[in-house]
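Reading the structure
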Amino acid sequence: MAMNTALLGELKHEAINTRKILERVPTDKLDWQPHEKSMKLGKLAKHIADLPVWFERILNADEFDLASASFNREPPASTEEILKQFDKGLAAAVAVLESATDENLNSIWVFRRGEQVMFQLPKKVAVRNLAMNHAYHHRGQLSVYLRLLNVPVPGMYGPSADEAL
């Protein structure tokens, strides 16, 4: 089995859960944050929605330099905007992963900030870390935000406390 097949299966399966939790983000609470050191709800949700872009950044290049990168730091205007960004990024991630070869997935990718190399990993590992595991981590954060706002939390791997068994 080609490596991209397993990654595609996980990406598509987990995207359902990611979209499900992003759908619960209340537009009227995008500026809310649970602590002064925490991200605002809208920024966190937008960050999660933007993570699929890392598939292209990793699989279509041999390195990424934070020092020369530009990011859209504009806060989202609505939950709908967040969902559209996620759907667009997911479609692009699926397309680039569908065409990824084992050779490409095994090649080394470098993550740097100018001259400082932060890490270098096989692309298959970088994709899992920066795109997939990163999203799961922030999804967990988002579930806590929703709980604190008394928004029913959707189940990820079975029913949540807010869903009937």
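In short, a report on the structure. Computed from a predicted structure; not experimentally measured.

**A look at the layout of surface pockets**
The calculated volume of the largest pocket comes to roughly 830 Å³. Along the walls of the largest pocket sit 32 residues, with H47, D50, F71, N72 and R73 positioned nearest its centre. Of all the secondary structure elements, the ones that give two or more residues to the lining of the largest pocket are α2 (41–50), α3 (53–59), α4 (79–98) and α6 (123–148). Per element, the largest residue contribution to the lining of the largest pocket is six residues, and it comes from α4.

**Digging into the environment of L66**
Counting through the fold element by element, L66 comes out in the loop between β1 (63–65) and α4. The partly exposed category is assigned to L66, whose relative accessible area is 21%. Sequence separation of L66 and Q116 is 50 residues, and the distance between their C-alpha atoms is 9.9 Å. Those residues within four positions of L66 in sequence are excluded, and the remaining contacts are F71, F111, R112, R113 and M118.

The rules behind these values
- Residues numbered from 1 in each chain as written.
- Predicted model: local features only at pLDDT ≥ 70, side-chain atom pairs only at ≥ 80, totals over all residues.
- Heavy atoms only, no water.
- 1 Å grid on protein atoms, 1.4 Å probe; cavity = no way out; pocket = protein on both sides within 12 Å on 5 of 7 lines; lining within 4 Å.
- Points joined across faces, edges and corners; volume = space filled by probe spheres on them.
- Helix = DSSP H or I, 4+ residues; strand = E, 2+ residues; numbered from the N terminus.
- Buried < 20%, exposed > 50% of the residue type's maximum accessible area, 1.4 Å probe, protein only.
- Contact = heavy atoms within 4.5 Å.

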